[in-house]
Amino acid sequence: MKICWYDDQRLGVVDNGRVHDVTAALAALPPARYPAAPGDLLVAHLDRLRAEAQRLLPGATSKPLDQARFLSPVANPNKIIGVPVNYDDHVAEANADKATFTDRFQGSIEQQGLFLKATSSLVGPAEGVHVRFPERLTHHELELAVVIGSLAANVGEDDALNHVAGYAIALDMTVRGPEDRSMRKSVDSYSVLGPWLVTADEIADPQALDILLTVNGELRQQSNTAQMIMRIRRQIAWASSFYTLYPGDIIMTGTCAGVGPVVPGDVVHCSIQGVGTMDVPIHAATAEPRGPVVETN
Ligand code: MN
């Protein structure tokens, strides 16, 4: 099943080229309580939600995909985890251009470690990326996103994929420069997830998916997830040996060669086999806070 958030926080199921409004299925979720359990409530109860969405689908109103504004398919992740230097051709391009990529970070994935992106950086494709520092380079990094479905702590590689709820397309947007990755990759809107969550049962092998990115129609990135240096099951096992993974946690599994700059006015087109496609507009900086403003009194 392809599950999305769209328009004004509607819940949808994508089928046959249309998005079907199954917002009423949210009634199947348990009420949120304080203090909230870490993680995304919908992803934590995905089986229950899917059953209700399936039941509602025949009577649901629908619209064509190109008329829907897709938001992040995970609303409230506890963590966004990044995997650096995970495709050989990207490692080579970074090593060949120290002026752009700096030589602060060296060595294998195991030596460099995973990094975290602020969850406040998360947007959907319709919201687009707002370039925060136009005098610096902002690069696109196309990545397969893994969404964790159930609590995972110290899981083994053999069991790791059993903890996956599904997959999506990610852009790990990055300001190039010497600061820590956790800052350069956490600018508001610099984590794009979309256009929907494809549940794991629809992806027979996540390590055999063609990935492609163009900017204004120009081909920039093209590879296959078979080229990952560290496989997804090892990423999950390794991450879970450091921190507990919660439902809705997002792993951005690394990018291939061809990363490059974007500027306001560009349109980034992303495609991942078996997942879908999304177009992400690049906007000028905004002073607006990200997402709904929390009411306080
Ligand atoms: Mn990346």
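It should be emphasised that the depicted structure is a prediction, and the values quoted were computed from it without experimental measurement.

Attention now moves to the domain arrangement of the protein. Domain annotation of the protein identifies domain 1 (2–67) and domain 2 (80–284). Centre-to-centre separation of domain 1 and domain 2, based on C-alpha positions: 24 Å. In this assembly, 12 residues from domain 1 lie in contact with 15 residues from domain 2. The contact between domain 1 and domain 2 buries some 1,000 Å² in all, and 66% of this surface belongs to carbon and sulfur atoms. Put simply, domain 1 and domain 2 have two salt bridges between them. Between Arg 50 and Asp 201 there is a salt bridge, with the nearest N and O atoms lying 2.9 Å from each other. Linking domain 1 with domain 2 are four residue pairs in polar contact (both at pLDDT 80 or more), by the criterion used here. Elements with a contribution of two residues or more to the side of domain 1 that touches domain 2: strand 1 (2–6), helix 1 (41–44) and helix 2 (46–56). Here the side of domain 1 that touches domain 2 takes three residues from strand 1, the largest share from any one element. Grouping the constituent residues of the side of domain 1 that touches domain 2 by class yields eight nonpolar, one polar and three charged.

Before going further, it helps to spend a moment on the packing of aromatic side chains. What describes a pair of aromatic rings is the distance from one ring centre to the other and the angle between the planes of the rings. Enumeration over the complete set of coordinates arrives at two aromatic pairs. On the basis of an interplanar angle of 80 degrees and a centroid distance of 5.4 Å, the ring pair of Phe 70 and Trp 196 is categorised as edge-to-face. Of this pair, Phe 70 sits in the loop between strand 4 (62–64) and strand 5 (80–82) while Trp 196 sits in strand 13 (residues 191–199), and the two are 126 residues apart along the sequence. Given the relative accessible area of 8%, Phe 70 is considered buried.

A separate point is the sheet that holds strand 18 (residues 267–272). Pairing within the open sheet is mixed, and its five strands lie in the order 8-19-18-14-15. The open sheet terminates on both sides in strands that have one partner only, identified here as strand 8 (129–130) and strand 15 (218–224). Bridge count between strand 18 and strand 19 (residues 276–283): six bridges; the pairing is antiparallel. Paired with His 269 across the bridge in strand 19 is Asp 279.

With that settled, consider the side chain of Ser 72. For Ser 72, the location among the structural elements is in the loop between strand 4 and strand 5. For Ser 72, the side chain forms a polar contact with the main-chain oxygen of Val 74, separated by 2.7 Å. Beyond its immediate stretch of four places on either side in the chain, Ser 72 contacts Trp 5, Leu 122, Val 123, Gly 124, Glu 127 and Leu 193.

Of all hydrophobic cores here, the largest spans 54 residues; its most connected members are Leu 144, Leu 171, Val 192, Ile 236, Val 268, Cys 270 and Val 275. Mapped by element, the contributors of at least two residues to this core are strand 1, strand 10 (142–148), strand 11 (164–172), strand 13, strand 14 (210–215), helix 8 (232–242), strand 18 and strand 19. Ranked by size, the runner-up nonpolar core spans 28 residues in total, among them Ala 145, Val 147, Ala 168 and Ile 250.

The next subject is the state of the cysteines. One pass over the full model with this rule turns up zero disulfides. Just so you know, Cys 4 is unpaired, no disulfide at all, and the nearest cysteine sulfur is the one on Cys 270, 17 Å from it. Between Cys 256, a cysteine without a disulfide, and Cys 270, which holds the nearest cysteine sulfur, the sulfur-to-sulfur distance is 11 Å. The class for Cys 256 is buried, based on a relative accessible area of 0%.

Attention now moves to the sheet that holds strand 17 (residues 260–261). Spatial ordering of the open sheet is given by 12-9-17, a layout of three strands whose pairing is antiparallel. The sheet is open, and its two edges are formed by strand 12 (174–175) and strand 17, each paired on a single side. In the sheet, strand 9 (residues 138–140) pairs with strand 17 via two bridges, with the strands oriented antiparallel. Within strand 17, the position partnered with His 140 by the bridge is Gly 260.

A few words on the pairing of strand 18. Side chains Val 268, Cys 270 and Ile 272 of strand 18 all project onto a buried face; the interleaved residues Val 267, His 269 and Ser 271 project onto a face where none is buried. Inspection of the sheet shows strand 14 paired to strand 18 by five bridges, in the antiparallel sense. Within strand 18, the position partnered with Ile 211 by the bridge is Ile 272. Hairpin remark: strand 18 followed by strand 19, antiparallel, with three residues in the connecting loop; positive phi at Gly 274, about 85 degrees.

Thresholds, definitions, all that
Residues numbered from 1 in each chain as written. Predicted model: local features only at pLDDT ≥ 70, side-chain atom pairs only at ≥ 80, totals over all residues. Heavy atoms only, no water. Domains from an automatic or database assignment. Contact = heavy atoms within 4.5 Å. Buried area = accessible area lost by both parts, 1.4 Å probe. Salt bridge = Lys/Arg side-chain N within 4 Å of Asp/Glu carboxyl O. Polar contact = N/O pair within 3.5 Å; in protein donor to acceptor, adjacent residues only side chain to side chain. Helix = DSSP H or I, 4+ residues; strand = E, 2+ residues; numbered from the N terminus. Nonpolar A, V, L, I, M, F, W, Y, C, P; charged D, E, K, R; others polar. Phe/Tyr/Trp six-rings, centres within 6.5 Å; stacked < 30°, edge-to-face > 60°. Buried < 20%, exposed > 50% of the residue type's maximum accessible area, 1.4 Å probe, protein only. Pairing = 2+ DSSP bridges. Core = buried A, V, L, I, M, F, W, Y, C linked by side-chain atoms within 4.5 Å. Disulfide = S-S within 2.5 Å.

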